[in-house]
Amino acid sequence: MDSEIFDETVEPYYHKVQYYETDGMGIVHHSNYIRWMEESRIDYLKRVGLAYDELEARGLVIPVLEVSCKYKVSVPFGETVKIIMTPERFTGVRFSALYRITDMEGKVLHATGRTEHCFLTKDLKPVNIKKAAPDIYGFFSRYKA
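My aim in this report is to walk through the structure given alongside it, one point at a time. (Residues numbered from 1 in each chain as written. Predicted model: local features only at pLDDT ≥ 70, side-chain atom pairs only at ≥ 80, totals over all residues. Heavy atoms only, no water.)

**Focus on the sheet that holds strand β6 (residues 109-118)**
Paired through their backbone hydrogen bonds, the strands of a sheet run either parallel or antiparallel.
Right, on to step 1. Strand order in this open sheet of five strands is β1-β4-β5-β6-β3, and the pairing throughout is antiparallel. Since the sheet does not close on itself, it has two edges, and those belong to β1 (13-16) and β3 (64-71), each with one partner. In this sheet, neighbouring strand axes are inclined to one another by 20 degrees on average, regardless of whether the strands run parallel or antiparallel.
Right, on to step 2. Sheet topology places β3 next to β6; seven bridges connect them, and they run antiparallel. From the neighbouring strand, S68 faces β6, where its bridge partner is R114.
Right, on to step 3. Strand contacts of helix α1 (residues 31-47): β1, β3, β4 (80-90), β5 (94-103) and β6, with the helix running at about 120 degrees to β3, the strand carrying the most contacts. (Pairing = 2+ DSSP bridges. Helix = DSSP H or I, 4+ residues; strand = E, 2+ residues; numbered from the N terminus. Axes fitted to C-alpha atoms, helices over the stretch in contact; angles between N-to-C directions. Contact = heavy atoms within 4.5 Å.)

And the structure:
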């Protein structure tokens, strides 16, 4: 994950660390990095015209199948982090995304992550995204494995 290439043209997502996100050591609890990855993914999808609420209105959901996170440097209360989310690959059924969490200037690498997803109907049945939503398929096709 550390050597993965991130699309620096992707607009970053920023998150200001809240006190409730910290633990007894005064640093961000590890579970919050996963939440930040989700926040940045939802933000990214909205910016590319695939707002999650609109996808749900179309009867689609995108569950997380797998998540990993490598922690590098802890984040203290009050810091604002910059998260770059980059789609990694698309198989036609599943897609994965990479994440890099840094300080505001991008100089301190706090964590890297990866998530894997699939497209389902609201009834949690697999969906042929190419047939059901050619626009979504078209967008993700540039990341085909």
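**Describing the packing of aromatic side chains**
Two aromatic rings, taken as a pair, are described by how far apart their centres are and by the angle between their planes.
Right, on to step 1. Under the defined criterion, the tally for this structure stands at 12 aromatic pairs.
Right, on to step 2. Centre to centre, the rings of Y33 and Y71 are 5.0 Å apart; their planes meet at 80 degrees, and the pair counts as edge-to-face. Of this pair, Y33 sits in helix α1 while Y71 sits in strand β3, and the two are 38 residues apart along the sequence.
Right, on to step 3. With relative accessibility at 3%, the residue Y33 sits in the buried group.
Right, on to step 4. Consider the rings of F90 and F140, whose centres lie 5.6 Å apart with planes at 35 degrees: the pair is tilted. Within this pair, whereas F90 is found in strand β4, its partner F140 is found in helix α4 (residues 134-141), the two being separated by 50 residues in sequence. Summarising the burial analysis for this pair, F90 and F140 share the class buried.
Right, on to step 5. Within the aromatic cluster, the residues linked to one another by ring pairs are Y44, F90, F95, F119, Y137, F139, F140 and Y143. (Phe/Tyr/Trp six-rings, centres within 6.5 Å; stacked < 30°, edge-to-face > 60°. Buried < 20%, exposed > 50% of the residue type's maximum accessible area, 1.4 Å probe, protein only.)

**A few points about the pattern of salt bridges**
Right, on to step 1. With the rule as written, the count across this model stands at seven salt bridges.
Right, on to step 2. Across the salt bridge formed by R47 and D43, the nearest N and O atoms sit 2.8 Å from each other. One end of the pair, R47, and the other, D43, are both in helix α1, four residues apart, so they sit about a helical turn from each other.
Right, on to step 3. Residue classification places R47 among the partly exposed positions, given a relative accessible area of 33%.
Right, on to step 4. Look at D43 and you get partly exposed, because its relative accessible area is 23%.
Right, on to step 5. Among the salt bridges present, the one from R114 reaches E88, with a minimum N-O distance of 2.8 Å. Of this pair, R114 sits in strand β6 while E88 sits in strand β4, and the two are 26 residues apart along the sequence. (Salt bridge = Lys/Arg side-chain N within 4 Å of Asp/Glu carboxyl O.)

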